[in-house]
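Read off the chains here:
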Amino acid sequence: MSGLIKNILKPSYLRSTTSFVSSKLTFNVPANQPFRNMWSLSSFHKRNEIIMRKNVGGCNCGCQVMSVHTKGEKELAEFLTEEIAAEKELQGRKLPNEVNGFQINVNGPEVTLVKHVGNETITVKFNVNHSVGEETEYDASESGPTSKDEAKPIINRPPFDVEIKRGSQVLGFRCSMVVPPPKDSTSSDDPYNDLFAIDEIVMCDEEWKSTDYHVPGEIMDGTLYDLLMNMLEDKGICNELVEKLTTISTDYEHSLYVSLLEKMQRFVTPAK
């Protein structure tokens, strides 16, 4: 078969492919055109960035960010230095690992106490956020303390939850701490001076849910309420424990406050 016939019978797609490849393989690059690869582009970008940084009027601390550390932040940093030192002088004891047989664990402002007795687990939970109050003995109608020496100590009395768990069943109590009456007002006519109250109760599986039915303590039968308070006392939830929880939560909340001040100080203080 002649060459002319072979070329005519050759499939068209082979001819187009061959011409495409040959056309791509025959391109020419001018000798004076630089080869701009990724390395050269990135190097140029870095050199340009360094030049721009040198020309930017940054903060005096050397952070190279314009107008970050203002006069107000400098004054705040100076105040925090004095405030932190003063607060550390008032700092209480460190958080204990155990109290009245309950093991203590913390997660930020959340504090959990756990005790295992036989086949049941007793858990007490509270959060020190939004639970700080001032112990006031002066008349509320008056203007209050007029000097720092007259100011009353700040006490933390957080609401707390109690869970008594057996298997998957949980009897839960939501409780609130009660400010004790002045010592001179205590009389034999009022033998019940509980330092906490039951706000509501619930029966549930595993954990509390919004779909579980809760009974408010204020509408509960009086006898049932008293028996539940007795039950809590048998489980170790009593005035003695609540007094210790008040001290623990107050000291722990104060330590978190000091830690917050220290973090704030580092935030507004120029790096050296």
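Up top you'll find the structure we're talking about.
Residues numbered from 1 in each chain as written. Predicted model: local features only at pLDDT ≥ 70, side-chain atom pairs only at ≥ 80, totals over all residues. Heavy atoms only, no water.

Could you clarify how one ought to interpret the overall build of the chain in this entry?
A count of helical and extended segments in the chain gives six helices and 10 strands. The proportion of buried residues among the 272 residues of the chain is 26%. Put simply, of all contacts in the chain between residues at least 6 apart along the chain, 57% involve residues at least 24 apart. Surface summary for the chain: the accessible area is close to 19800 Å², and the carbon and sulfur share equals 55%. (Helix = DSSP H or I, 4+ residues; strand = E, 2+ residues; numbered from the N terminus. Buried < 20%, exposed > 50% of the residue type's maximum accessible area, 1.4 Å probe, protein only. Contact = heavy atoms within 4.5 Å. Areas by Shrake-Rupley, 256 points an atom, 1.4 Å probe, with all protein chains shown as cover.)

Would you mind showing me how to read helix α4 (residues 71–89) here?
Between its first and last C-alpha, α4 extends 28 Å over 19 residues, near the 27 Å set by a 1.5 Å rise per residue. Every buried residue belonging to α4 is among Ala77, Leu80, Glu83, Ile84 and Glu87, and all of these are buried. Across the axial projection of α4, the buried residues extend over an arc of 135 degrees, all falling on one side. Opposite the buried face of α4, by more than 90 degrees, sit the exposed residues Lys71, Lys74, Glu82 and Glu89. On the buried face of α4, the contacting elements are α6 (239–268). (Expected span 1.5 Å × (residues − 1). Arc of directions from axis to C-beta.)

Is there a simple way to explain the packing of aromatic side chains in this structure?
Between two aromatic rings, the relevant description is the distance of the centres plus the angle of the planes. On inspection of all chains with the given rule, the structure shows one aromatic pair. Aromatic pair Phe160 and Phe196: ring centres 6.0 Å apart, planes at 55 degrees, arrangement tilted. Of this pair, Phe160 sits in strand β7 (residues 160–166) while Phe196 sits in strand β9 (residues 196–205), and the two are 36 residues apart along the sequence. There is no split in this pair, since Phe160 and Phe196 are both buried. (Phe/Tyr/Trp six-rings, centres within 6.5 Å; stacked < 30°, edge-to-face > 60°.)

In this structure, what is going on with a negative patch on the surface? I would like to understand it.
Negative charge collects at one region of the surface, where Asp194, Asp221, Asp226, Glu233 and Asp234 lie side by side. With respect to the secondary-structure elements, Asp226 resides in helix α5 (residues 222–234). A relative accessible area of 45% means that Asp226 is categorised as partly exposed. (Patch = residues over 30% accessible without salt bridge, like charges linked within 9 Å, V, L, I, M, F, W, Y side chains within 5 Å. Salt bridge = Lys/Arg side-chain N within 4 Å of Asp/Glu carboxyl O. Lys, Arg positive; Asp, Glu negative; His and termini not counted. Charge placed at Lys NZ, Arg CZ, Asp CG, Glu CD.)

I keep staring at the pairing of strand β3 (residues 110–117) and nothing clicks. Help me out?
When a strand is regular, its side chains alternate between the sheet's two faces. Across five bridges, the pairing between strand β2 (residues 102–107) and β3 is antiparallel. Note that in β3 the partner of Asn105 across the bridge is Thr112. Both β3 and strand β4 (residues 120–127) contribute to a ladder of eight bridges, which runs antiparallel. Along β4, the bridge assignment pairs Val114 with Thr123. Counted along the chain from β3 to the antiparallel partner β4, the turn is two residues long, and its residue Gly118 has a positive phi close to 60 degrees. (Pairing = 2+ DSSP bridges.)

Could you clarify how one ought to interpret the sheet that holds β4 in this entry?
Sheet strands pair via backbone hydrogen bonds, and the direction of the pair is either parallel or antiparallel. Overall, antiparallel pairing links the eight strands, which are arranged β1-β2-β3-β4-β7-β8-β9-β10 in an open sheet. Only two strands of the sheet have a single neighbouring strand rather than two, namely β1 (98–99) and β10 (214–216). With two bridges connecting them, β1 and β2 associate as antiparallel partners. When the bridges of β2 are listed, Val99 appears paired with Phe102. Contacts from α5 reach β7, β8 (169–177) and β9, with the element oriented near 85 degrees to β9. (Axes fitted to C-alpha atoms, helices over the stretch in contact; angles between N-to-C directions.)

Everything listed here is a matter of coordinates, which is why it stays silent on function.
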